[in-house]
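Coordinates in review
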Amino acid sequence: QVQLVESGGGLVQAGGSLRLSCAASGRTFSVHAMGWFRPAPGKEREFVATISWNGGRTAYSDSVKGRSTISRDNAKKTVYLQMNSLKPEDTAVYYCAEGLRASESRVPRDFGSWGQGTQVTVSS
């Protein structure tokens, strides 16, 4: 069974940066897409960023595009989310998830394993 453990969250001032990490166990990390999500009003999980199995393709929500970069290290079984120019509205618990397939996806139901989340708080 896949276990995902996020880290790197914290309290930061607006305009600051954080790098979230998600370490995975299990054998399927290197062949599955990964994603980052956060809660949103009226939604179970709001898409933030996703990356294909080999890092060749990425996608971002409009809310973080241009400010964030998703990357992965398959040898370390870790996916990262570098977040820059943080805004108070970025405050949330950020969850990483392992996809059910190799291709990146924006849809929560395309992900089968979820971490416990890491809190990001951005003060104004």
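The preceding data block contains the structure.
Definitions and cut-offs
- Residues numbered from 1 in each chain as written.
- Predicted model: local features only at pLDDT ≥ 70, side-chain atom pairs only at ≥ 80, totals over all residues.
- Heavy atoms only, no water.
- Disulfide = S-S within 2.5 Å.
- Helix = DSSP H or I, 4+ residues; strand = E, 2+ residues; numbered from the N terminus.
- Buried < 20%, exposed > 50% of the residue type's maximum accessible area, 1.4 Å probe, protein only.
- Salt bridge = Lys/Arg side-chain N within 4 Å of Asp/Glu carboxyl O.

One pass over the full model with this rule turns up 1 disulfide. One disulfide in the model links C22 with C96; its S-S distance is 1.9 Å. Taken together, the residues span a long stretch of sequence, with C22 in strand β3 (residues 18–24) and C96 in strand β9 (residues 92–99) at a distance of 74 residues. Residue class for C22 comes out buried when judged on its relative accessible area of 0%.

This part takes up the pattern of salt bridges. Under the defined criterion, the tally for this structure stands at 5 salt bridges. The salt bridge involving R38 is made with D90; its shortest N-O contact spans 3.4 Å. Here D90 lies in the loop between β8 (78–83) and β9 and R38 lies in strand β4 (residues 34–40), a separation of 52 residues in the sequence. Where D90 meets R67, a salt bridge forms, and the shortest distance between an N and an O atom there is 2.8 Å. In this pair, D90 is assigned in the loop between β8 and β9 and R67 in the loop between β6 (58–60) and β7 (68–73), connecting sequence segments 23 residues apart. With relative accessibility at 1%, the residue D90 sits in the buried group. A relative accessible area of 11% places R67 in the buried class. By sharing partners, the salt bridges in this structure join R38, E46, R67 and D90 into a single network.

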